[in-house]
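Each chain, letter by letter, is given below.
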Amino acid sequence: MSEPVIKCQSVYKIFGANAERMLKEANGNVDAKTFQENGCIVGVNNASFEVSKGEMLVVMGLSGSGKSTLLRCISRLTDATGGKIFIEGQDLLNLNNKELIDLRRNKMGMVFQSFALLPHKTVLENIAFPLQIKGIKTEDSINKAMDMVKLVGLDGRENYFPRELSGGQQQRVGIARSLAVEPDIWFLDEPFSALDPLIRKEMQDEFLRLQEKLQKTIMFITHDFDEALKLADRIAIMKDGIIEQLDTPANIVLKPATEYVRKFTEEVPREKVLLIQDVMDEKTSSDIGDLKVSKDEIIENVAEKILTQEKTVAVTDSNNNVVGSINPAKIINTVFGGRKNNN
Amino acid sequence: MEILKKYPKLFQWLFLLVVFFALCFAIDVPETYKFIRGQAEFIKDPNQSAFVFLGKEVRYYAFDVFWRLPPLLGWLPIWINDSLFFLMNDWMPMEFWNEDTQEYKTRPLVLQITRNLTAFMTFLIELIREILLGGLETIVAFTSWDWIDANPWAELPGLPWTIVAAGSAILAYKLGGKGLAIYALLSMTYISIFGQWKPSMQTLSFILVAAPLSFIFGLGLGVAAFKSKRVEKALYPILLVMQTMPQYAVLVPALVLFGVGDHAAVIITMIVAVPPMILLTLLGLRAVPPEVIEAGRMSGCNNWQLMSKVLIPTARRDILIGVNQVIMVCFSMAVISAFIGAKGLGFNLLLALNQLNIGLALEAGLCISLIAILLDKMSLAWANKQVDYFGNLNFFQRNKNSLFFGVVVIAGILLAYFGSIYFKDGYNYLFEVPHNKGISTAGFWNKGVDWIFDTFFVYIKAFNTWLIVDVLQPMRALYLRMPAIATLVLVVGAGYLIGGIRSALVVCGLTLFIALSPWWDRALVTTYMATFGVLVSCAIGFTVGTLCFQNKHSRNFMLNVCDIFQTFPSFVYLIPVMMLFGITDTSVLIAVIVYATIPATRYTIEGLRSVPAGLHDAATMSGVTKFQRLFKIEFPLAFPHMMLGLNQTIVFALFMVIIGAFIGTEDLGQYILKALSDKNGAGIGLTLGICVAFIGLIFDNLIRTWVDKRKKHLGID
């Protein structure tokens, strides 16, 4: 397996005057309460994970859970108090200022919740900004920016000012700007949270389309669990600075690790999230009917078909080989089962 | 009792007032006390007491300490003065190479530094001045007098006015479009044909040096304060005092340090203009959203790029207000610094006022105002300018302005050449209309003034007498009747009730400084004049503001009027009032009222506008009448903002009262004016300035604390 693009080892971020000393004394056993009594606030508490190339990690948590702080540690907008962060094998915390700027100019792009566009520049200038900062000639950077404008579908508005655009359009500019330098790593900090629900859905779809095309390594921050489920390859759920669970959407829904995570999963329509392969039986029983379903189907799409069968249904992979089976009872259990226990 | 429980604050305030008046009545006026006329205080008198502190003897008339505190700080001005002289003349003598005499000379360090600074300033001013008007100092600076004697052709000829006028119009067009260009052309032409060209260009050259330097220093220090907490902490108290310090008062120490002339004026202007620039830069940078900064960082900005391409442009709204302030202060100072020998329109204005030639003063004042507005609008337009990337322009289109300017230069020179042939009487009107040889409307205005005086003399005199005898003098007597202790109790009590112990201590310190200085009586007079001005200004400003707010057009119109009036240098306001009321306190007060009404009106309108639209609708839906809405919803919510307007009104009023000394008042300003012509006046001038600044700061502290509390209470911003 190739080296992970982002690798965090016991990252801590603690705000306050004596943060570093207290962290050392705590000896890897950080308790938010004791720290708070001593005037320190724990932002990120012992975060360790890896993100591999082309993967989208969504960090989900409510406000104050430390998700944005974690992202800022990894982009080194704030310095982590303790732990190690590697970006493509480079030790991020040991980079000097120049190396850091180089890294940001070539490898990283970031999208912000409040868009963070420069108010005095037009759409085009905003998108060209990182390129010009890099020292690329005005003409080339403008041409490249124009491509980006087309990529996010803002053609015809390139000479508008941010204030003349709607929220969704402004965020398209933000996205285009973060992509202008063709970064390998893409950070998105609650990019769609400030948008209306309909626009948000549209932007999510747009975002998935872009990612399919670009295949970036992504860290995506959100407080919206549905959004996380929709977009993520893996989800990290944070609470009070601690990563409660880091797993695939299916595993989080099916096997919540903590009570806190379980509460999120309660209301989730499982049939819309889970794939057949998440719930199928690995072994194939003899009592199989004629119907075959692909293991990559979302349950919702095939549930009706399966439920009309009396026999167990065969599950196939992309090569049409039978890899498992699923019976209607299992579907019913998946869709309605979880909730009975809770009430 | 119910009422007391319901309004504890009200009771506390009443109690404070009762104590204050009780003290006033309990403490009698000492028999020996009289309001001492200006000169008397410097005369030795056997009745005076004396004390010696730090080797300085301070003489004063002793009173009961409840009535007037002894001037325990009386040594301060003398001490400041002596220190200044010591610094200039005796401290750190060093050997310096003298270019002219080709030998080493011993000179004190500070003197050498200030002389070099002034030489540099003089060079900058002369450079611009000679481009505009012609001369040879600049050439000499690079060569020598001998060289210029040998090569007399090398003198800079100066630009014909036609070129400057057309050039400024082209620049204005490039920056701000047609309207601005027409304005530029008209005002420049006006200046020329009314024979004000030379002094105007002198003033302009002064401002073209002072304004950019102030801007650069202000921006630089603002950025430094933004980056370092320590710099900010060091700067803050100075900034605070400078904001309420009358510009007048800075003249005197600068006179000692930098001598007389334009260069000293530039330095003083910078001292006055830099603080607001710093404050506004800091304010603007602080308001940049953190995510924008992060976006800049993630785009790979280094520190310099982050500051110059992200932070400063994003904060440009506030920085622009700073530029506007700088320009305002520069023009204000262009007039005031005529007191210390700066040439130009200000000098003419002062001269004309001194001779009571109102018409001439009006013309000079108009010219200053025209240039002030022009520069203000041009700087605004410049900052808002956009670059168009997709203009596929050819060489001619891209450079049409420069080309056009080239044509104008040639045409101007040709015109000037033909002019020299056509006008044989010695004045080439197409090159420069000499001072006093243009059209002048002074005679007309003077006749107008005379006519007003002849026609309305009785009424004006009656009004004047009524105001002075029935309003001003009783009010002044009341203020002077306040025992020092009673005033202190009132002010400190108010501080405590508004802002708690902290505010009380600050206010107490400020008041004590004034009370212990030798000018408590004068400060009371200043306060009384300012109070009167502020009361009337607020009454007018709040009413006019509220009325204009009712209609969108009148609101915008009024804001524009305020904008323009604010650009006028403060001295200009003295002209029309002297026209009407001659040399009396009434003139000063009316100038104060007019000047101070501007911020009162503006903040009222802006305060009312800041009331959220949702509340408007909510009020309308609850079925309120227009008046109910105004009094129940809009006023209470806009009040904090309006109080900030009051704050500004007080500062403006204080400034004008001090400037009013020029007409003749008996307050602190009179002493500042006197210190100007006093060899040992530096310390006195500075201390007086600090006194005035502290009066402003007392109100500033009280009002700001109250506003902050109120805003928190209402949950606004």
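Residues numbered from 1 in each chain as written. Chains lettered and ligands numbered in written order. Predicted model: local features only at pLDDT ≥ 70, side-chain atom pairs only at ≥ 80, totals over all residues.

## With respect to the overall build of chain A
Here comes step 1: On a plain count of helices and strands, chain A comes out with 15 helices and 13 strands.
Here comes step 2: C-alpha atoms of chain A, sized along the principal axes, occupy 65 × 55 × 40 Å.
Here comes step 3: The buried share among the 343 residues of chain A stands at 43%.
Here comes step 4: Here the analysis covers contacts within chain A between residues at least 6 apart in sequence; of these, 65% occur between residues at least 24 apart. (Helix = DSSP H or I, 4+ residues; strand = E, 2+ residues; numbered from the N terminus. Buried ≥ 20, exposed ≤ 12 C-beta atoms within 10 Å, placed from the backbone. Contact = placed C-beta atoms within 7 Å.)

## Structural notes on the overall build of chain B
Here comes step 1: Looking only at helices and strands, chain B features 29 helices and 4 strands.
Here comes step 2: The C-alpha radius of gyration computed for chain B amounts to 28 Å, which stays within 12% of the reference 27 Å derived for 717 residues, consistent with globular compactness.
Here comes step 3: Its C-alpha atoms give chain B principal-axis dimensions of roughly 90 × 75 × 65 Å.
Here comes step 4: Out of the 717 residues belonging to chain B, those deemed buried represent 43%.
Here comes step 5: A sequence separation of at least 24 residues applies to 75% of the contacts in chain B between residues at least 6 apart. (Rg over C-alpha atoms; globule rule 2.2 N^0.38 Å.)

## Notes on the interface of chain A and chain B
Here comes step 1: Facing the 19 residues of chain A at the interface are 17 residues of chain B.
Here comes step 2: Broken down by secondary-structure element, the contributors of at least two residues to the side of chain A that touches chain B are helix H4 (97-106), strand S6 (108-111) and helix H5 (123-134) of chain A.
Here comes step 3: Here the side of chain A that touches chain B gets 5 residues from one element, more than from any other, and that element is H5(A).
Here comes step 4: Of the residues belonging to the side of chain A that touches chain B, the class tally is 13 nonpolar, 3 polar and 3 charged. (Nonpolar A, V, L, I, M, F, W, Y, C, P; charged D, E, K, R; others polar.)

## Thoughts on unusual backbone geometry
All names here are of chain A.
Here comes step 1: For Asn-46, which is not glycine, the phi torsion reads 55 degrees and is therefore positive.
Here comes step 2: The residue Asn-46 is located in strand S2 (residues 41-51) in this model.
Here comes step 3: Among the residues examined, Asn-46 registers 18 C-beta atoms within 10 Å and is labelled partly exposed.
Here comes step 4: Of note in the backbone geometry, Phe-115 takes a positive phi value of approximately 70 degrees without being a glycine.
Here comes step 5: Relative to the helices and strands, Phe-115 resides in the loop between S6 and H5.

## What about helix H3 (residues 75-89) of chain B?
All names here are of chain B.
Here comes step 1: Given a rise of 1.5 Å per residue, 15 residues ought to cover 21 Å, and the 21 Å separating the end C-alpha atoms of H3 matches this to within 8%.
Here comes step 2: By the burial criterion, the buried members of H3 are Trp-75, Leu-76, Pro-77 and Asn-81.
Here comes step 3: The elements touched by buried residues of H3 are strand S1 (49-53), strand S2 (56-60) and helix H29 (681-714). (Expected span 1.5 Å × (residues − 1).)

## Side note on the nonpolar core
Here comes step 1: Core analysis: the largest hydrophobic core is formed by 284 residues, its most contacted members being Ile127(A), Cys330(B), Val592(B) and Met656(B).
Here comes step 2: Broken down by element, the residue count for this core peaks at 16 residues, all from helix H12 (residues 262-286) of chain B.
Here comes step 3: When neighbours within four sequence positions are excluded, Ile127(A) is seen to be in contact with Ala145(A), Met148(A), Val149(A), Val173(A), Ala176(A), Arg177(A) and Ala180(A). (Core = buried A, V, L, I, M, F, W, Y, C linked by C-beta atoms within 7 Å.)

## Digging into the domain arrangement of chain A
Here comes step 1: If you check the domain split of chain A, you get domain 1 (54-77 + 93-270) and domain 2 (274-342).
Here comes step 2: Distance from the C-alpha centre of domain 1 of chain A to the C-alpha centre of domain 2 of chain A: 35 Å. (Domains from an automatic or database assignment.)

## Observations concerning the confidence of the model for chain A
Here comes step 1: The share of residues in chain A with pLDDT of 70 or more is 96%, and the mean pLDDT across the chain is 85.
Here comes step 2: The lowest-confidence element of chain A is helix H15 (residues 328-342) of chain A, averaging 67 in pLDDT; the highest-confidence one is strand S3 (residues 56-60) of chain A, averaging 93. (pLDDT = per-residue confidence, 0-100.)

## Structural notes on the sheet that holds S3(A)
Residue and element names in this part refer to chain A.
Here comes step 1: Strand order in the open sheet made by the 6 strands is S6-S7-S8-S3-S9-S10, with mixed pairing throughout. Two strands lie at the open edges of the sheet, namely S6 and strand S10 (242-247), each paired on one side alone. Mean inter-strand twist for the sheet, computed between neighbouring axes without regard to direction, equals 15 degrees.
Here comes step 2: Pairing of S6 with strand S7 (residues 185-189), which is carried by 4 bridges, proceeds in the parallel orientation. Each residue of the ladder has a partner; that of Val-111, found in S7, is Leu-188. (Pairing = 2+ DSSP bridges. Axes fitted to C-alpha atoms, helices over the stretch in contact; angles between N-to-C directions.)

## Let's talk about the packing of helix H28 (residues 668-676) of chain B against H29(B)
Residue and element names in this part refer to chain B.
Here comes step 1: With their axes 8 Å apart at the nearest point, H28 and H29 run at an angle of 155 degrees to one another. Between H28 and H29, the angle is such that the two are roughly antiparallel. The chirality of how H28 crosses H29 is left-handed. Residues Leu-668, Tyr-671, Ile-672, Ala-675 and Leu-676 of H28 form the contact with H29, whose participating residues are Gly-681, Ile-684, Gly-685, Leu-688, Gly-689, Cys-691 and Val-692.
Here comes step 2: Its residues placed into classes, the contact of H28 with H29 shows 9 nonpolar, 3 polar and no charged. (Parallel < 35°, antiparallel > 145°, perpendicular 65-115°, else oblique. Left-handed = near helix turned anticlockwise from the far one by under 90°.)

## With respect to helix H26 (residues 613-621) of chain B
Here comes step 1: With respect to burial, H26(B) is a largely exposed element, only 0 of its 9 residues being buried.
Here comes step 2: Positioned one or two residues after H26(B), Gly623(B) has a phi angle of 75 degrees, which is positive.

## Structural notes on the sheet that holds S2(A)
All names here are of chain A.
Here comes step 1: Sheet architecture is open: 4 strands sit in the order S2-S1-S4-S5, paired in antiparallel fashion. The open sheet has two edge strands with one neighbour each: S2 and strand S5 (90-91).
Here comes step 2: Pairing between strand S1 (residues 6-15) and strand S4 (residues 82-87): 5 bridges, direction antiparallel. When the bridges of S4 are listed, Tyr-12 appears paired with Gly-82.
Here comes step 3: Against the sheet, helix H1 (residues 19-26) touches S1 and S4, its axis set at about 115 degrees to S1.

## Focus on the packing of helix H17 (residues 358-383) of chain B against helix H24 (residues 574-581) of chain B
Residues and elements named next belong to chain B.
Here comes step 1: Two numbers describe how H17 lies on H24: the axes approach to 9 Å, and their chain directions differ by 160 degrees. Here H17 lies roughly antiparallel to H24, going by the angle between them. For the pair H17 and H24, the sense of crossing is left-handed. In this structure, H17 uses Ile-358, Ala-361, Leu-362 and Gly-365 to contact H24, whose residues at the interface are Ile-575, Met-578 and Met-579.
Here comes step 2: Per-class residue counts for the contact of H17 with H24 are 6 nonpolar, 1 polar and no charged.

## Brief notes about the pairing of S2(B)
Residues and elements named next belong to chain B.
Here comes step 1: With 5 bridges connecting them, S1 and S2 associate as antiparallel partners. Its bridge partner being in S2, Phe-53 is matched across the sheet by Lys-56.
Here comes step 2: Following S1, the chain reverses through 2 residues before pairing antiparallel with S2; Leu-54 in that reversal takes a positive phi of roughly 55 degrees.

## Considering the environment of Ala62(B)
All names here are of chain B.
Here comes step 1: On the secondary structure map, Ala-62 appears in the loop between S2 and H3.
Here comes step 2: Taking the number of C-beta atoms within 10 Å as the measure of exposure, Ala-62 has 15 and is therefore partly exposed.
Here comes step 3: Look past the residues within four positions of Ala-62 in its chain and what remains in contact with it is Ser-49 and Pro-70.

## Section: the pairing of strand S13 (residues 322-326) of chain A
A regular strand carries its side chains on alternate faces of the sheet.
Here comes step 1: In the sheet, strand S12 (residues 312-316) of chain A pairs with S13(A) via 4 bridges, with the strands oriented antiparallel. What sits directly across from Val313(A), in S13(A), is Ile326(A).

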